[in-house]
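Results of the structural survey
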Amino acid sequence: MSLRHAVLGLLSSGPASGYDLLKIFEISLANVWPATQSQLYAELGRLADAGFVAVAAEGPRGRKEYAITDAGRAELHHWMTEVEPTQVNRSDMLLRVFFLGVLDPDEAWSYLHSRAEVADQRHRALAELREFVAQGDDPLSVYGLLALEWGLRFAATQRDWAEWAEREIDRIGVRKDRREVSG
């Protein structure tokens, strides 16, 4: 997925300023594809240069409202129907897990515990967001709820896995054994 297509998808619902798009990202797409202000504004410039969006209105202090063009809709449709989604095969979190043996067992356990806490916090934040998104009946809300549910389930899986991994370290006695040897 690219930021380009995320912006085109949001603009397919109607014109919006960069600020409006950033706020929509924060309450909807951050679960799927986060974007910073600088990334978003740079992408809007590239989309305008490519003819995929056009300035629909200008307001005070240089505020610009962008609208998707026919070429932008065609690009979004092409990406949605003909481009195979990329599968992410890298996780620096799991790479660290693979090498937890280089840490003190208590540090390894703490790392896993922190991953469980982070996933639990993410799950709670998404659950709160679900209440807001579920109120809408527009396409972004309806399909956004599907993506949000994936995020909820993914966060719950990450939390459950990290808690299981903590118990595994305790079960196999790595923490206890290491303390006895060093003490």
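Each remark here, short or long, concerns the structure printed above.
Conventions used here
Residues numbered from 1 in each chain as written. Predicted model: local features only at pLDDT ≥ 70, side-chain atom pairs only at ≥ 80, totals over all residues. Heavy atoms only, no water. Helix = DSSP H or I, 4+ residues; strand = E, 2+ residues; numbered from the N terminus. Rg over C-alpha atoms; globule rule 2.2 N^0.38 Å. Buried < 20%, exposed > 50% of the residue type's maximum accessible area, 1.4 Å probe, protein only. Contact = heavy atoms within 4.5 Å. Areas by Shrake-Rupley, 256 points an atom, 1.4 Å probe, with all protein chains shown as cover. Lys, Arg positive; Asp, Glu negative; His and termini not counted. Charge placed at Lys NZ, Arg CZ, Asp CG, Glu CD. Core = buried A, V, L, I, M, F, W, Y, C linked by side-chain atoms within 4.5 Å. Phe/Tyr/Trp six-rings, centres within 6.5 Å; stacked < 30°, edge-to-face > 60°. Salt bridge = Lys/Arg side-chain N within 4 Å of Asp/Glu carboxyl O. Patch = residues over 30% accessible without salt bridge, like charges linked within 9 Å, V, L, I, M, F, W, Y side chains within 5 Å. Expected span 1.5 Å × (residues − 1). Arc of directions from axis to C-beta.

This part is about the overall build of the protein chain. What the protein chain contains, in helices and strands, is 8 helices and 3 strands. Secondary structure elements of the protein chain occur, N-terminal to C-terminal, as α-β-α-α-β-β-α-α-α-α-α. Against the globule reference of 16 Å for 183 residues, the protein chain gives a C-alpha radius of gyration of 22 Å, more extended than a compact globule. Summarising its shape, the C-alpha atoms of the protein chain cover approximately 70 × 40 × 35 Å along the three principal directions. Burial statistics for the protein chain: of 183 residues in total, 30% are counted as buried. For the protein chain, contacts bridging at least 24 residues in sequence account for 58% of all contacts bridging at least 6. For the protein chain, the computed accessible surface area is about 12000 Å², with 56% contributed by carbon and sulfur atoms. A gap of 3 Å separates the mean positions of the 21 positive and 28 negative side-chain charges of the protein chain.

To continue, consider the nonpolar core. Ranked by size, the top nonpolar core spans 21 residues in total, and within it Val7, Leu8, Leu11, Leu21, Phe25, Leu40 and Leu44 carry the most contacts. Mapped by element, the contributors of at least two residues to this core are helix H1 (3–11), helix H2 (18–27), helix H3 (37–50), strand E3 (64–68) and helix H4 (70–82). Among the elements that line this core, the one with the most residues is H1, at 6 residues. In contact with Leu40, other than residues within four places in its own chain, are Leu3, Val7, Gly18, Leu21, Leu22 and Phe25. Within the second largest apolar cluster, 8 residues are counted, among which are Met93, Ala108, Trp109 and Tyr111.

Right, let's get into the packing of aromatic side chains. Applying the stated rule across the entire model yields 2 aromatic pairs. On the basis of an interplanar angle of 85° and a centroid distance of 5.2 Å, the ring pair of Phe98 and Phe99 is categorised as edge-to-face. Pairing Trp150 with Phe154 gives two aromatic rings, centres 4.9 Å apart and planes at 10°, and the pair type is stacked. Linking Trp150 with Phe154, this pair stays in helix H7 (residues 139–171), spanning 4 residues, or about one helical turn.

Right, let's talk about unusual backbone geometry for a bit. Backbone geometry at Arg61 places phi at a positive 55°, although glycine is not the residue there. Inspection of the secondary structure puts Arg61 in the loop between strand E2 (53–58) and E3.

This part takes up the pattern of salt bridges. Summed over the entire model, instances satisfying the criterion amount to 12 salt bridges. One salt bridge connects Glu65 with Arg63, and the closest N-O pair in it is separated by 4.0 Å. For Glu65, a relative accessible area of 22% translates into the label partly exposed. Look at Arg63 and you get partly exposed, because its relative accessible area is 37%. Shared partners join several salt bridges into a network, and the residues in it are Asp120, Arg124, Arg159 and Asp160.

The next point concerns a nonpolar patch on the surface. Together, Leu95, Phe98, Phe99, Val102 and Leu103 line one region of the surface with nonpolar side chains, adding up to about 550 Å² of accessible area. Relative accessible area serves as the criterion here: at 66%, Phe98 is assigned to the exposed category.

Between its terminal C-alpha atoms H3 stretches 20 Å, which fits the 20 Å expected from 14 residues at 1.5 Å a residue. Burial in H3 covers these residues: Leu40, Glu43, Leu44 and Leu47. Projected onto a plane normal to the axis of H3, the buried residues spread over an arc of 105° and lie on a single side. Away from its buried face, by an angle of more than 90 degrees, H3 presents the exposed residues Ser38 and Asp49. Residues of H3 that are buried sit in contact with H1, H2, E2 and E3. Two residues or fewer after H3 comes Gly51, characterised by a positive phi angle close to 80°.

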